[in-house]
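Fold and geometry: a report
What follows is the residue order along each chain.
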Amino acid sequence: MGNTAWTASKKTVRTRIRNDQSWGEKGFLCFMYVLIVLFSLVCVIPFWIVLVDSFASEASFLQYGYQLIPSAWSLDAYKYLLVGGQFLTSYKNSLVITIAGTVLAVTITSMFAYVLAHPKVKYRDVLSFSTYLAMVLGGGLVGFYMMVANWLHLKDSLWALILPYILNPFYAFILVAFYKSLPYEINEAATIDGAGDIRLFYKIILPISTPVIATVSLFYAIQYWNDWYLSLLFIDNYKLHPLQLMIRQLISNLNVSAYVGGGASYQVTAPTSAIQLATVCLTIGPIVLLYPFLQKYFVKGITIGAVKG
């Protein structure tokens, strides 16, 4: 009887522990779900406000400010924005800068990183230290401006917005970490088969480096697409301005009529508040469409260099 009672008591205690753990786990899961929902709302609501308020009338916007559902709808902002042609010109400039800059930057950065990672390059340590030093110290604004504007004569040229970002040391070190993780026997086998360095790099190394190349390409594309600082420094002709500088000028309420080009022919008063939101909505399209295709590579690429057990 004593053993039976003791066994029943132990079973009761275990059942209570399981129930306590179950209720604790359920409570924790509920708390996490609520937290995730709240965090999602915090992230989604600003995008929703920007989207729907870009269709709000200027009078409604001035009277009520930002609303989850506008009290009066209007397409004046989009009409005023698209009627002039400068928006399409700036959009084209941003696309040219982003596509050309990303292709050139990824090509040069990947080749440079392969040199730094190759164990038989004689001065790779010196090059690595110089690259790290440039990343930490930088060249200063005055020297940078003089080099681009006075020595290279790139002022009022789209190349002034492409070349300064063509080699990012941080992205180069990401590629170096990946290249060093590859077995060197691949290089030796390709060399024995008669492949030169260029063929080895383009035919063997690049195809197996797709995750990290896609990740670095996404970083470069976002950097080129979001940059407005270089155009503010080097571009005086507003016809060469990218979208990002156009947004900055519109948000600052500068040169609205020059940018949208509708001041003389379009008889509606410029809806300045809604124009800012409409420009943002039309600008984020390419990056939003690009990211889902690169997401799987991005998840793989960000783990490069991590400690693996």
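1. Overview of unusual backbone geometry
- The phi torsion at His153 lies on the positive side, around 55°, for a residue other than glycine.
- Mapped onto the secondary structure, His153 falls in the loop between α6 (141–151) and α7 (159–162).
- You can call His153 exposed: its relative accessible area is 61%.
- Not every positive phi belongs to a glycine, and Asp156 is a case in point at roughly 60°.
- Mapping Asp156 onto the fold places it in the loop between α6 and α7.

2. Description of the side chain of Ser90
- Structurally, Ser90 is set in helix α4 (residues 86–117).
- Classification of Ser90 as buried rests on a relative accessible area of 0%.
- Among the polar contacts listed, one links the side chain of Ser90 to the backbone oxygen of His241, at a separation of 3.0 Å.
- Here Ser90 is in contact with His241, Pro242, Leu243 and Met246, once residues within four sequence places are set aside.

3. What to know about helix α5 (residues 124–137)
- With 14 residues, α5 extends 20 Å between its outermost C-alpha atoms, agreeing within 8% with the 20 Å of an ideal straight helix rising 1.5 Å per residue.
- Following α5 by one or two positions, Gly138 adopts a phi angle in the positive range, close to 80°.

4. Some thoughts on the pattern of salt bridges
- This model, assessed by the stated rule, comprises 1 salt bridge.
- Between Lys155 and Asp236 there is a salt bridge whose closest N-O contact spans 3.5 Å. Pair noted here: Lys155 is in the loop between α6 and α7 and Asp236 is in the loop between α12 (229–234) and α13 (243–251), with a separation of 81 residues, a long-range link.
- Look at Asp236 and you get exposed, because its relative accessible area is 53%.

5. Notes on the packing of helix α8 (residues 169–181) against helix α11 (residues 210–226)
- Direction vectors running N to C along α8 and α11 enclose 175°, while the axes themselves pass 10 Å from each other. Relative to α11, the element α8 lies roughly antiparallel. Packed against α8, whose contacting residues are Tyr171, Ile174, Leu175, Phe178 and Tyr179, the element α11 presents Val212, Ile213, Val216, Phe219, Tyr220 and Gln223 at the interface.
- Among the residues making up the contact of α8 with α11, the classes are represented as 10 nonpolar, 1 polar and no charged.

6. Details of the side chain of Thr109
- Summarising the element assignment, Thr109 is placed in helix α4.
- Setting aside residues up to four positions removed in sequence, Thr109 forms contacts with Ile166, Leu167, Asn168, Tyr171, Ala172, Leu175 and Tyr220.

7. With respect to the packing of aromatic side chains
- Scanning the model with the defined rule gives 15 aromatic pairs in all.
- Ring pairs connect the aromatic residues Tyr165, Phe170, Tyr171, Phe219, Tyr220 and Tyr224, which therefore count as one cluster.

8. A look at the nonpolar core
- Among the nonpolar cores identified, the biggest contains 37 residues, and Tyr179 and Tyr224 are the most heavily contacted of them.
- Among the secondary structure elements, those contributing two or more residues to this core are α4, α6, α7, α8, α10 (197–208), α11 and α12.
- In terms of residue count, α4 provides more of this core than any other element does, 7 residues in total.
- Setting aside chain neighbours within four positions, we find Tyr179 in contact with Ser110, Ala113, Tyr114, Ala117, Phe201, Ile205, Leu206, Ser209 and Ile213.

Quick notes on the rules
Residues numbered from 1 in each chain as written. Predicted model: local features only at pLDDT ≥ 70, side-chain atom pairs only at ≥ 80, totals over all residues. Heavy atoms only, no water. Helix = DSSP H or I, 4+ residues; strand = E, 2+ residues; numbered from the N terminus. Buried < 20%, exposed > 50% of the residue type's maximum accessible area, 1.4 Å probe, protein only. Polar contact = N/O pair within 3.5 Å; in protein donor to acceptor, adjacent residues only side chain to side chain. Contact = heavy atoms within 4.5 Å. Expected span 1.5 Å × (residues − 1). Salt bridge = Lys/Arg side-chain N within 4 Å of Asp/Glu carboxyl O. Axes fitted to C-alpha atoms, helices over the stretch in contact; angles between N-to-C directions. Parallel < 35°, antiparallel > 145°, perpendicular 65-115°, else oblique. Nonpolar A, V, L, I, M, F, W, Y, C, P; charged D, E, K, R; others polar. Phe/Tyr/Trp six-rings, centres within 6.5 Å; stacked < 30°, edge-to-face > 60°. Core = buried A, V, L, I, M, F, W, Y, C linked by side-chain atoms within 4.5 Å.

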